[in-house]
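Listed here are the chains, written in short residue letters.
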Amino acid sequence: MIKAFPRPISQVDGVATEVAQDGMLLRDYFAAKALQGLLDGGLLRVEDYKVIAQHSYGIADLMLEERLK
């Protein structure tokens, strides 16, 4: 699983100042961006939020496939 925005532990003079963060799945990030575009662009005229979510993750999956080519 590819992560977006991971962050290592932050240290100052050897003392941890912030904990490390794994980040979010790149698939979730792509889906969120696709969702934003679908809702903002008026491309989907559906009242069923489940359908909109499915489209968002479908787009994210296609983006990941293209990325790995």
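The structure this text deals with has already been given above.
What you see is a predicted model, and the numbers here were worked out from it, not measured in a lab. (Residues numbered from 1 in each chain as written. Predicted model: local features only at pLDDT ≥ 70, side-chain atom pairs only at ≥ 80, totals over all residues. Heavy atoms only, no water.)

A. Structural view of unusual backbone geometry. You will see that Phe5, though not glycine, has its phi angle at about 65°, which is positive. Overall, the relative accessible area of 55% leaves Phe5 in the exposed class. (Buried < 20%, exposed > 50% of the residue type's maximum accessible area, 1.4 Å probe, protein only.)

B. Region of interest: the packing of aromatic side chains. If you walk through the whole model with that rule in mind, you get 2 aromatic pairs. The interplanar angle of 80° and the centroid separation of 5.0 Å between the aromatic rings of Phe5 and Tyr29 together place this pair among those described as edge-to-face. Here Phe5 is found in the loop between β1 (3-4) and β2 (10-12), whereas its partner Tyr29 is found in helix α1 (residues 26-41), with 24 residues between them in sequence. With a centroid separation of 6.4 Å and 45° between ring planes, the pair formed by Tyr29 and Phe30 is classed as tilted. Looking at Tyr29, the relative accessible area reads 26%, which means it is partly exposed. In textbook terms, an aromatic cluster arises when at least three aromatic residues are bridged by ring pairs, as seen for Phe5, Tyr29 and Phe30. (Phe/Tyr/Trp six-rings, centres within 6.5 Å; stacked < 30°, edge-to-face > 60°. Helix = DSSP H or I, 4+ residues; strand = E, 2+ residues; numbered from the N terminus.)

C. The arrangement of the environment of Gly14 in detail. Structurally, Gly14 is set in the loop between β2 and β3 (15-18). Placed 11 residues apart in sequence, Gly14 and Lys3 show a C-alpha to C-alpha distance of 26 Å.

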